[in-house]
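Architecture at a glance
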Amino acid sequence: MDVVTRITKDHRELEEMIGKVTSGKGEDQRGAFERLCMTLLAHEHAEEQKVYPELSKVSEGQAKEKVHHATEEQHQTELMVQQLREMGPEAKEFRAMFDKMAKAVQQHMTEEENELLPRLAEAVDAERLGELGRSFADARDTELARGAHAGS
């Protein structure tokens, strides 16, 4: 599976997870939130390690700035995840902060799908898109496995 398809598929899964956190209660919500955090961070780290460097190579000017902006957005998301984890779903201010993070993540995914990923698809051939897809998936899966062990 090529990198554009893999990332887009991940985005749909992340949206579904956000919905489960929003609709969940008690332990179900806590579990859904932890799964979302692990998956979201693994996804972001894999993009930063494997996809964004390639995007930077094939981008110039404003397009290169969008890659930098996407990286900054992901760092902001990581900070929000850390704060949300510290407060926990039972905290009074959790929902407002979670909604803010979810909105930022959704906006980021939309920008990737509408601007960054099409740019990458135009700039590299199908073979390279496939290689990037595999390396993205491997990096994401390694990060998820590491996170799962850290969470046990």
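Above this note sits the structure.
Every chain is numbered independently, its residues counted from 1 as its sequence is written. Only residues with pLDDT of 70 or above have their local features reported here, since the model is predicted, and side-chain atom pairs are shown and tallied only from 80 upward, although totals for entire chains, interfaces and linings are computed over all residues. The side-chain numbers reported here are obtained from all heavy atoms of the structure, hydrogens and water having been left aside.

Brief notes about the overall build of the chain
For the chain, the count of helices and strands is 5 helices and 0 strands. For the purposes of this entry, the term helix denotes a DSSP run of H or I that reaches at least four residues, the term strand denotes a run of E that reaches at least two, and both are numbered from the N terminus. Ordered by position from N to C terminus, the α and β elements of the chain give α-α-α-α-α. Burial classes: relative accessible area under 20% of the type maximum marks a residue as buried, over 50% as exposed, and values in between as partly exposed (1.4 Å probe, protein chains only). Each of the 152 residues in the chain was classed as buried or not, and the buried ones make up 41%. In this description, contact between two residues means that some pair of their heavy atoms is separated by no more than 4.5 Å. Nonlocal contacts in the chain, meaning residues at least 24 apart in sequence, comprise 78% of its contacts between residues at least 6 apart. Carbon and sulfur atoms provide 51% of the accessible area of the chain, an area that totals close to 8,300 Å². A positive count includes Lys and Arg, and a negative count includes Asp and Glu. His and the chain ends are not counted in either. For charged residues, the charge sits on one atom: NZ in Lys, CZ in Arg, CG in Asp, CD in Glu. Distance between charge centres in the chain, computed from 21 positive and 32 negative side chains, equals 2 Å. Each accessible area value is a Shrake-Rupley result obtained with a 1.4 Å probe; residue values ignore everything except the protein chains displayed when judging cover.

Description of empty space enclosed by the protein
Only protein atoms enter the 1 Å grid, on which a cavity is a set of points fitting a 1.4 Å probe that cannot get out and a pocket is an open set with protein on both sides within 12 Å along at least 5 of 7 lines, lining residues being those with an atom within 4 Å of a point. Grid points are joined across faces, edges and corners, and a volume is the space filled by probe spheres set on the points. Per the stated rule, a full pass over the model turns up 1 cavity of 30 Å³ or more. There is about 30 Å³ of room inside the largest cavity. The wall of the largest cavity is formed by H11, L14, L40, H43, E44, Q74, V105, H108 and M109. For the lining of the largest cavity, the secondary-structure elements that each account for two or more residues are α1 (3-23), α2 (26-58) and α4 (94-123). The class makeup of the residues in the lining of the largest cavity is 4 nonpolar, 4 polar and 1 charged. In this count, Pro and Cys sit with the nonpolar residues alongside Ala, Val, Leu, Ile, Met, Phe, Trp and Tyr, while Asp, Glu, Lys and Arg are called charged and the others, Gly among them, polar.

With respect to α1
When the terminal C-alpha atoms of α1 are compared, their 30 Å separation across 21 residues agrees well with the 30 Å that a helix rising 1.5 Å per residue should span. Taken together, the buried positions of α1 are V3, R6, I7, D10, H11, L14, I18 and V21. For α1, the buried positions fall inside an angular range of 140° around the axis, keeping them on one side. Exposed side chains of α1 directed beyond 90 degrees from the buried face belong to E16 and S23. In this analysis, the expected span of each helix is defined as 1.5 Å times one less than the number of residues it contains. Arc definition: directions from the helix axis to the C-beta atoms.

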